[in-house]
Protein chains: 4
Amino acid sequence: MAMSGSSASGRAGRPISPDTTAAILAAARSLVVVHGFAAVTTAMIAAEAGASKQALYRRWTTKADLVLEAFLAQAQAEVDDPAAAEAGDDRLLAFLRRTCAALSTSGPALRSLMAAAQEDDAFRRRFHERLILPRRAALRAVLAEERPAASTEALDLAVTALFGAIWYRLLLDEPLDDDLARRLTALVRAGM
Amino acid sequence: MAMSGSSASGRAGRPISPDTTAAILAAARSLVVVHGFAAVTTAMIAAEAGASKQALYRRWTTKADLVLEAFLAQAQAEVDDPAAAEAGDDRLLAFLRRTCAALSTSGPALRSLMAAAQEDDAFRRRFHERLILPRRAALRAVLAEERPAASTEALDLAVTALFGAIWYRLLLDEPLDDDLARRLTALVRAGM
Amino acid sequence: MAMSGSSASGRAGRPISPDTTAAILAAARSLVVVHGFAAVTTAMIAAEAGASKQALYRRWTTKADLVLEAFLAQAQAEVDDPAAAEAGDDRLLAFLRRTCAALSTSGPALRSLMAAAQEDDAFRRRFHERLILPRRAALRAVLAEERPAASTEALDLAVTALFGAIWYRLLLDEPLDDDLARRLTALVRAGM
Amino acid sequence: MAMSGSSASGRAGRPISPDTTAAILAAARSLVVVHGFAAVTTAMIAAEAGASKQALYRRWTTKADLVLEAFLAQAQAEVDDPAAAEAGDDRLLAFLRRTCAALSTSGPALRSLMAAAQEDDAFRRRFHERLILPRRAALRAVLAEERPAASTEALDLAVTALFGAIWYRLLLDEPLDDDLARRLTALVRAGM
DNA sequence: GGATAATCGAGACGGTACGTCTAGTCTTGTC
DNA sequence: GACAAGACTAGACGTACCGTCTCGATTATCC
């Protein structure tokens, strides 16, 4: 074992407390789920987390940035279910169904984040990079498995059509049910 | 002849001035195009129009409501081009192309309106009714002409996939070019 | 009478409400008397007055500026007692006694204002002009009546010694009793 | 050098470093002279001294307390000049002149400390004990030498009038020149 | 034409969130 | 246990802007 002293961080001073970070994220999550993004203030999050506002702004640049991270892990975990890799299943359909199901809880928060992304370029880039692109890659992988011969462009177009339709209905408060997932699957499969 | 003046209204008092209405709409349009929705305040719109804030709120319930109307006519006119009904054309493709083209100017404003719809239920309903549904009906008509035998559900699904993909790319600041229009057209045609 | 139209004010728009002004001043006065200057926040004053913080900042540039005005009228009235002009009295002694007596209530606030004047040049000038100079003029008048032959410099020096001593004891939390007033009177009279 | 244990103190652990203490005091002095008390933060002092904030608060209870000590020695030394004890001089006048002269550099800091004393009782007591009382005793000694027969009350009153006038002018940003010192001397001598 | 009523521009109003700032404390790892 | 570094809580600050209300003036209909 090398590395005499000096842990990973290397930086001097009191390190950022993971407990505080976790408490803030949990507070943000629960408050936004209950009251909605716009009704939750940074002061409320800080109070609920037993933290100061400064602790928030030391970690994230803006309220939207914080809430994005608060919902990231959750959003991913609910869709990329490990148990979903069962052979023989219709993996594409299952993916879309889980996506729609996950949106019943985190949907309102994601709508607000998409809204925030419209007025703040810096946040839009983070939102794109940390939420949109990973989700897109996950769906692409499912599609690529199903259609090994499909071109890059064809896969991208299918992803755009599928997520586009889902976001469109989410943002317009129209139902995201299993039927939609089934029909979208059929449409895209036929179109590829 | 009696009935000295008395136009249709019948109400006493000074009537709403159409000039003021037009000035407000024009001011809102130009300011939002230049600075973006969030950076424009109701006070700025009033000042630019030479009007008072009260004049705005006498006509519309919220800033979003006003900006919605400011962009409605423009949005429709640019897409539903009368000269577009030339026989023999690929009308679906032309419709999508004009839609994408129109979004290069009014796109930012529409993004902001979609954002506003996420935090305000009352506005979301107006937005749905006055912008989303008419556009949807227009696209549906084009599709129905092309596929007279298609079922209602099939048409709706195609509309959702097409507008969904376009909104998705618009909201994420990804390019809306002719190529996208062509590929989407192909995908949906194959999938119906 | 001339004056075609246009009443006195001339300015358009809703005028500043004297009621709101009065409510803010009263709230500031009572809160500062009870809790002390430092413990009172602008938000507390606004809430107590049933006003918004913006209403405060529209009228005064800073918390100290507001509290200064809140204590001005009171400070003057308590000292420049109309009944004090009784002939035959020792007017100088009476003036100093009333000054000391008035400081038992408004003293803490004035100490805080003097403190605020140390860190804010703009406020120091206002404090000087609106509180210090008027008080100085009042004391000077009393002295001038007693010593009609005294030179300007002699009067100014006496005023400085008298108010200097009183402020010095006030700021250091030392008692301001009748005895002090009597002794100061004697010292200055002998010294002129 | 050996000397395992420590010298006199007896306490275990690393002793407080006098170098750090001196560096902090010097940093506080120079920063406050340049930027003023309010504009200097504890973090700035620590950084300038190459110390940590904890090193400050290990030695003094508050920022004001630290700055008080930073200016104490200087303030005393400048006034209680050993060379001033020359016989035959007007010692009272010389004392007041040196006092006024010293305030041209340390005056702003002392004003801020007097201000801090208004909002913090604990500090006001320290300020009184460590700065005000010693100065008062020094002036009293000069007066007592001049007037051996004067009563305690008379001496105290003269001190109050002299320092009162000086502080009054200092706090109100009015000039503290030799002329003032001369006139005050005359006033008090005549009044005793 | 005189009374009534609603509009007009201007701008103050209450309410409320934001992000910043600082004081003084606590927690690291090092010496 | 002091040290430098820096995260921590607590909470005030001043700004911003929404949608409403008030003011005096104007412009219409109704009688």
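Computed from a predicted model, the values in this text were never measured in an experiment.

K.L.:
Break down the overall build of chain A for me, with residues and values.
P.N.:
Counting its regular elements, chain A contains eight helices and zero strands. Reading chain A from its N end, one meets helices and strands in the order α-α-α-α-α-α-α-α. For chain A, the residues scored as buried account for 45% of the 192 residues in total. Relative to all contacts within chain A whose residues are 6 or more apart in sequence, the contacts with residues 24 or more apart total 64%. Of the roughly 9,400 Å² of accessible surface on chain A, 55% is carried by carbon and sulfur atoms.

K.L.:
I'd like a rundown of the protein's contact with DNA strand F, residues and numbers included.
P.N.:
Taken together, 51 residues sit near DNA strand F, with A:Arg58, A:Arg59, B:Gln54, C:Tyr57 and D:Arg14 positioned nearest. In the interface set of DNA strand F, defined as its atoms within 4 Å of the protein, sugar plus phosphate atoms amount to 65%. Between DNA strand F and the protein, one listed contact pairs a phosphate oxygen with a backbone N or O atom of B:Lys63 at 3.3 Å. C:Tyr57 places a polar side-chain atom, nitrogen or oxygen, 2.5 Å from a phosphate oxygen of DNA strand F. Among the secondary structure elements, those contributing two or more residues to the surface near DNA strand F are helix H3 (53-59) of chain A, helix H3 (53-59) of chain B, helix H3 (53-59) of chain C together with helix H3 (53-59) of chain D.

K.L.:
Before we move on, could you go through the interface of chain C and chain D and cite the residues and values that matter?
P.N.:
Contacts between the two partners involve 36 residues from chain C, matched on the other side by 36 residues from chain D. Counting each side, the surface lost to burial between chain C and chain D is near 3,300 Å², with a carbon and sulfur contribution of 64%. With a shortest N-O distance of 3.0 Å, C:Glu174 and D:Arg136 are connected by a salt bridge. Summed over the shared surface of chain C and chain D, the number is 14 residue pairs in polar contact (both at pLDDT 80 or more).

K.L.:
Give a description of the protein's contact with DNA strand E that names residues and reports values.
P.N.:
Neighbouring DNA strand E are 48 residues, the closest being B:Arg58, B:Arg59, C:Arg58, C:Arg59 and D:Gln54. In DNA strand E, atoms within 4 Å of the protein come 64% from sugar and phosphate. Note that a base oxygen of DNA strand E is positioned 3.0 Å from one of the side-chain N or O atoms of A:Arg14. Within the side chain of C:Arg59, one N or O atom sits 2.5 Å away from a phosphate oxygen of DNA strand E. Only H3 of chain A, H3 of chain B, H3 of chain C together with H3 of chain D provide two or more residues apiece to the surface near DNA strand E. Here the residues of the surface near DNA strand E sort into 14 nonpolar, 20 polar and 14 charged.

K.L.:
If you had to explain unusual backbone geometry to someone new, which residues and values would you point to?
P.N.:
A positive phi angle is found at B:Asp173, which is not glycine, with a value near 65°. With respect to the secondary-structure elements, B:Asp173 resides in the loop between helix H7 (152-171) and helix H8 (178-191).

K.L.:
Go over the relation of the copies chain B and chain A, please, and point to the residues and values.
P.N.:
Superposition record for chain B on chain A: RMSD 0.4 Å, screw rotation 179°, translation along axis 0.0 Å. Taken together, the turn and the small shift mark the pair as related by a two-fold rotation axis. An overlap of 100% is found between the interface residues of chain B and their copies at the interface of chain A, pointing to a shared contact surface.

K.L.:
I'd like a description of the relation of the copies chain C and chain D, backed by residues and values.
P.N.:
Superposition of chain C onto chain D requires a rotation of 179° combined with a translation of 0.0 Å along the rotation axis, giving an RMSD of 0.2 Å. In this assembly the copies share their binding face: 100% of the residues contributing to the interface of chain C also contribute to that of chain D.

K.L.:
Can you lay out the interface of chain B and chain A for me, pointing to particular residues and giving the numbers?
P.N.:
Across the boundary between the two partners, chain B contributes 36 residues, which contact 36 residues of chain A. Of the roughly 3,300 Å² buried where chain B meets chain A, counting both sides, 64% is carbon and sulfur surface. Taken together, chain B and chain A are joined by four salt bridges. Across the contact surface, chain B and chain A share 14 residue pairs in polar contact (both at pLDDT 80 or more). Among the secondary structure elements, those contributing two or more residues to the side of chain B that touches chain A are helix H5 (91-119), helix H6 (121-146), H7 and H8 of chain B. Looking at the side of chain B that touches chain A, the element that brings in the most residues is H7(B), giving 11 residues.

K.L.:
Describe helix H1 (residues 18-35) of chain C, and please don't skip the residues or the numbers.
P.N.:
Residues and elements named next belong to chain C. With 18 residues, H1 ought to run about 26 Å at 1.5 Å a step, and its terminal C-alpha atoms sit 25 Å apart, in line with that. All of the buried residues along H1 are Thr21, Ile24, Leu25, Ala27, Ala28, Leu31 and Val32. Angularly, the buried residues of H1 cover 165° about the axis, an arc narrow enough to put them on a single face. Facing away from the buried side of H1 by over 90 degrees, the exposed positions are Pro18, Asp19, Val33 and Val34. Where H1 ends, the next residue or the one after it, glycine 36, has phi of about 90°, a positive value.

K.L.:
Please give an account of the packing of helix H5 (residues 91-119) of chain D against helix H7 (residues 152-171) of chain D that cites residues and values.
P.N.:
The angle between the axes and the distance between the axes are what describe a pair of packed helices. Residues and elements named next belong to chain D. One way to put it is that H5 packs onto H7 with a least axis distance of 10 Å and a crossing angle of 45°. Between H5 and H7, the crossing angle belongs to the class labelled oblique. The chirality of how H5 crosses H7 is right-handed. In contact with Leu92, Phe95, Leu96, Thr99, Cys100, Leu103, Gly107, Leu110, Arg111 and Met114 of H5, H7 contributes Leu162, Phe163, Ile166, Trp167, Leu170 and Leu171. A per-class count over the contact of H5 with H7 returns 13 nonpolar, two polar and one charged.

K.L.:
Requested: an account of the pattern of salt bridges, with residues and values cited.
P.N.:
What the rule picks out here adds up to 56 salt bridges over all chains. Across the salt bridge formed by C:Asp65 and C:Arg126, the nearest N and O atoms sit 2.6 Å from each other. Taken together, the residues C:Asp65 in helix H4 (residues 63-79) and C:Arg126 in helix H6 (residues 121-146) connect sequence positions 61 residues apart. For C:Asp65, a relative accessible area of 5% translates into the label buried. For C:Arg126, a relative accessible area of 31% puts it in the partly exposed group. D:Asp179 is the partner of D:Arg182 in a salt bridge, and the nearest nitrogen-oxygen pair spans 3.1 Å. One end of the pair is D:Arg182 and the other is D:Asp179, both in helix H8 (residues 178-191) and three residues apart, which spans about a single turn. For D:Arg182, a relative accessible area of 41% puts it in the partly exposed group. According to the relative accessible area criterion, D:Asp179 is partly exposed, its value standing at 33%.

K.L.:
Summarise the environment of C:Ser52; cite the residues concerned and give the values.
P.N.:
Residue and element names in this part refer to chain C. With respect to the secondary-structure elements, serine 52 resides in the loop between helix H2 (42-49) and H3. Under the relative-accessibility criterion, serine 52 is labelled partly exposed at 39%. Sequence separation of serine 52 and threonine 20 is 32 residues, and the distance between their C-alpha atoms is 9.8 Å.

K.L.:
Can you break down the packing of H5(B) against H8(B) residue by residue, with the values?
P.N.:
Residue and element names in this part refer to chain B. In contact at an axis separation of 9 Å, H5 and H8 are set at 140° when each is read in the N-to-C sense. With respect to their mutual orientation, H5 and H8 come out oblique. Crossing handedness for the pair H5 and H8: right-handed. Taking contact as the criterion, the partners of Leu92, Leu93, Leu96 and Arg97 in H5 are, on H8, Asp178, Ala181, Arg182, Thr185 and Arg189. Residues of the contact of H5 with H8, tallied by class, amount to four nonpolar, one polar and four charged.

Rules and cut-offs
Residues numbered from 1 in each chain as written. Chains lettered and ligands numbered in written order. Predicted model: local features only at pLDDT ≥ 70, side-chain atom pairs only at ≥ 80, totals over all residues. Heavy atoms only, no water. Helix = DSSP H or I, 4+ residues; strand = E, 2+ residues; numbered from the N terminus. Buried < 20%, exposed > 50% of the residue type's maximum accessible area, 1.4 Å probe, protein only. Contact = heavy atoms within 4.5 Å. Areas by Shrake-Rupley, 256 points an atom, 1.4 Å probe, with all protein chains shown as cover. Near = heavy atom within 4 Å. Polar contact = N/O pair within 3.5 Å; in protein donor to acceptor, adjacent residues only side chain to side chain. Buried area = accessible area lost by both parts, 1.4 Å probe. Salt bridge = Lys/Arg side-chain N within 4 Å of Asp/Glu carboxyl O. Nonpolar A, V, L, I, M, F, W, Y, C, P; charged D, E, K, R; others polar. Least-squares fit on C-alpha atoms with pLDDT ≥ 70 in both. Expected span 1.5 Å × (residues − 1). Arc of directions from axis to C-beta. Axes fitted to C-alpha atoms, helices over the stretch in contact; angles between N-to-C directions. Parallel < 35°, antiparallel > 145°, perpendicular 65-115°, else oblique. Left-handed = near helix turned anticlockwise from the far one by under 90°.

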